[in-house]
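This is what each chain is made of:
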Number of protein chains: 2
Amino acid sequence: MKARIRITLKNGVLDPQGKAIQNALSGLGFKGVEEVRQGKYIEVDLAATDEAAARAEVEKMCQELLANTVIEDYAFELSAR
Amino acid sequence: MKARIRITLKNGVLDPQGKAIQNALSGLGFKGVEEVRQGKYIEVDLAATDEAAARAEVEKMCQELLANTVIEDYAFELSAR
């Protein structure tokens with residue numbers, strides 16, 4: 001299965017990269033950009049074919065390595081490859 | 001509207017960050033991780049409420065600033081906030 005993981009900063013955590021992107025967009029003439037937040041996107045190809053097992057495994061990966069759960073949230077979807 | 005943009009390296013472009021994550025996962029005892037690719041995830045809050053206009057604007061942002069289209073692909077979804 002393939003897991004598509006999005007890792008984002010929690011609300012309230014400062015995001016200078018997002019701010020820099022917002023300023024650059026505004027400098028390029030894009031109007032009406034109210035907020036930009038940057039996060040990480042990770043695709044993991046798993047040998048597991050059972051969805052429940054894959055979900056538990058990806059959850060554990062996020063907790064142990066991929067996300068810093070003090071300041072980051074994560075969410076993921078699973079799909080067949 | 002809110003745009004959720006995923007920017008990923010094109011197939012065939014080396015991804016050392018993804019490889020490092022894969023090695024770390026394997027070091028932590030996760031079996032059956034066949035490939036890991038790291039990308040960027042950007043959330044943009046737009047004042048626009050018209051979906052077609054918002055889609056055109058985000059497409060332009062990706063082309064002009066957010067993605068390096070020589071080596072990166074992008075995809076996005078729009079939703080009400």
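The structure under discussion appears in the preceding block.
What you are looking at is a predicted structure, and each value in this text was computed from that prediction instead of being measured. (Residues numbered from 1 in each chain as written. Chains lettered and ligands numbered in written order. Predicted model: local features only at pLDDT ≥ 70, side-chain atom pairs only at ≥ 80, totals over all residues. Heavy atoms only, no water.)

1. Concerning the pairing of strand 2 (residues 33–46) of chain A
Within a regular strand, side chains alternate between the sheet's two faces.
Here is step 1 of the chain: Within strand 2 of chain A, 11 of the 14 residues are buried, leaving the element largely enclosed by the surrounding structure.
Here is step 2 of the chain: Sheet analysis places strand 1 (residues 2–9) of chain A next to strand 2 of chain A, joined by 6 bridges and oriented antiparallel. In the sheet register, I7 of chain A faces strand 2 of chain A, and the bridge partner there is K40 of chain A.
Here is step 3 of the chain: In the sheet, strand 2 of chain A pairs with strand 2 (residues 33–46) of chain B via 13 bridges, with the strands oriented antiparallel. Each bridged residue has a counterpart across the sheet, and for L46 of chain A the counterpart in strand 2 of chain B is V33 of chain B. (Buried < 20%, exposed > 50% of the residue type's maximum accessible area, 1.4 Å probe, protein only. Helix = DSSP H or I, 4+ residues; strand = E, 2+ residues; numbered from the N terminus. Pairing = 2+ DSSP bridges.)

2. Details of the interface of chain A and chain B
Here is step 1 of the chain: In this complex, chain A contributes 31 residues to the contact, which on the side of chain B involves 31 residues.
Here is step 2 of the chain: Both sides of the chain A and chain B interface together cover about 2,800 Å² of buried area, and 63% of this is carbon and sulfur.
Here is step 3 of the chain: If you sort the residues of chain A by the area they bury against chain B, F30, Y41 and L65 of chain A come out on top, with a joint share of 21%.
Here is step 4 of the chain: Taken together, the links from chain A to chain B amount to 0 salt bridges.
Here is step 5 of the chain: Linking chain A to chain B there are 10 residue pairs in polar contact (both at pLDDT 80 or more).
Here is step 6 of the chain: For the side of chain A that touches chain B, the elements supplying multiple residues, two or more each, are strand 1, helix 1 (16–27), strand 2 and helix 2 (51–66) of chain A.
Here is step 7 of the chain: Among the elements that make up the side of chain A that touches chain B, the one with the highest residue count is strand 2 of chain A (14 residues). (Contact = heavy atoms within 4.5 Å. Buried area = accessible area lost by both parts, 1.4 Å probe. Salt bridge = Lys/Arg side-chain N within 4 Å of Asp/Glu carboxyl O. Polar contact = N/O pair within 3.5 Å; in protein donor to acceptor, adjacent residues only side chain to side chain.)

3. Focus: the relation of the copies chain A and chain B
Here is step 1 of the chain: With an RMSD of 0.0 Å, the operation that places chain A on chain B is a rotation of 180° combined with a shift of 0.0 Å along the axis. Taken together, the rotation and translation describe the operation of a two-fold axis.
Here is step 2 of the chain: The fraction of interface residues of chain A whose copies in chain B are also interface residues reaches 100%, indicating that both copies meet through the same surface. (Least-squares fit on C-alpha atoms with pLDDT ≥ 70 in both.)

4. Brief notes about the sheet that holds strand 1 of chain A
Here is step 1 of the chain: In spatial order, the strands read 3(A)-1(A)-2(A)-2(B)-1(B)-3(B); together these 6 strands make up an open sheet with antiparallel pairing. The open sheet has two edge strands with one neighbour each: strand 3 (72–79) of chain A together with strand 3 (72–79) of chain B. In this sheet, neighbouring strand axes are inclined to one another by 25° on average, regardless of whether the strands run parallel or antiparallel.
Here is step 2 of the chain: Those strands touched by helix 2 of chain A are strand 1, strand 2 and strand 3 of chain A together with strand 2 of chain B, and its axis lies near 155° from that of strand 3 of chain A.
Here is step 3 of the chain: This element, helix 1 (residues 16–27) of chain B, spans strand 2 of chain A together with strand 2 of chain B of the sheet and lies at about 120° to strand 2 of chain B. (Axes fitted to C-alpha atoms, helices over the stretch in contact; angles between N-to-C directions.)

5. A look at helix 2 of chain A
Here is step 1 of the chain: If you check helix 2 of chain A, its first and last C-alpha atoms are just 20 Å apart, much less than what 16 residues at 1.5 Å a residue would give, namely 22 Å.
Here is step 2 of the chain: Inspection of helix 2 of chain A places A54, E57, V58, M61, C62 and L66 of chain A among the buried residues, and these make up the whole buried set. Summarising the axial view, the buried residues of helix 2 of chain A lie within an arc of 140°, below the 170-degree limit, and thus occupy one face.
Here is step 3 of the chain: Residues of helix 2 of chain A that are buried make contact with strand 1, strand 2 and strand 3 of chain A together with helix 1 and strand 2 of chain B. (Expected span 1.5 Å × (residues − 1). Arc of directions from axis to C-beta.)

6. Observations regarding helix 1 of chain B
Here is step 1 of the chain: With 12 residues, helix 1 of chain B extends 16 Å from end C-alpha to end C-alpha; this agrees with the ideal 16 Å at 1.5 Å per step.
Here is step 2 of the chain: Of the residues making up helix 1 of chain B, those classed as buried are G18, I21, Q22 and L25 of chain B. For helix 1 of chain B, the angular spread of buried residues about the axis comes to 100°, placing them on one side. More than 90 degrees from the buried face of helix 1 of chain B, the exposed residues found are P16, N23 and G27 of chain B.
Here is step 3 of the chain: For helix 1 of chain B, the elements touching its buried residues are strand 2 and helix 2 of chain A together with strand 2 of chain B.

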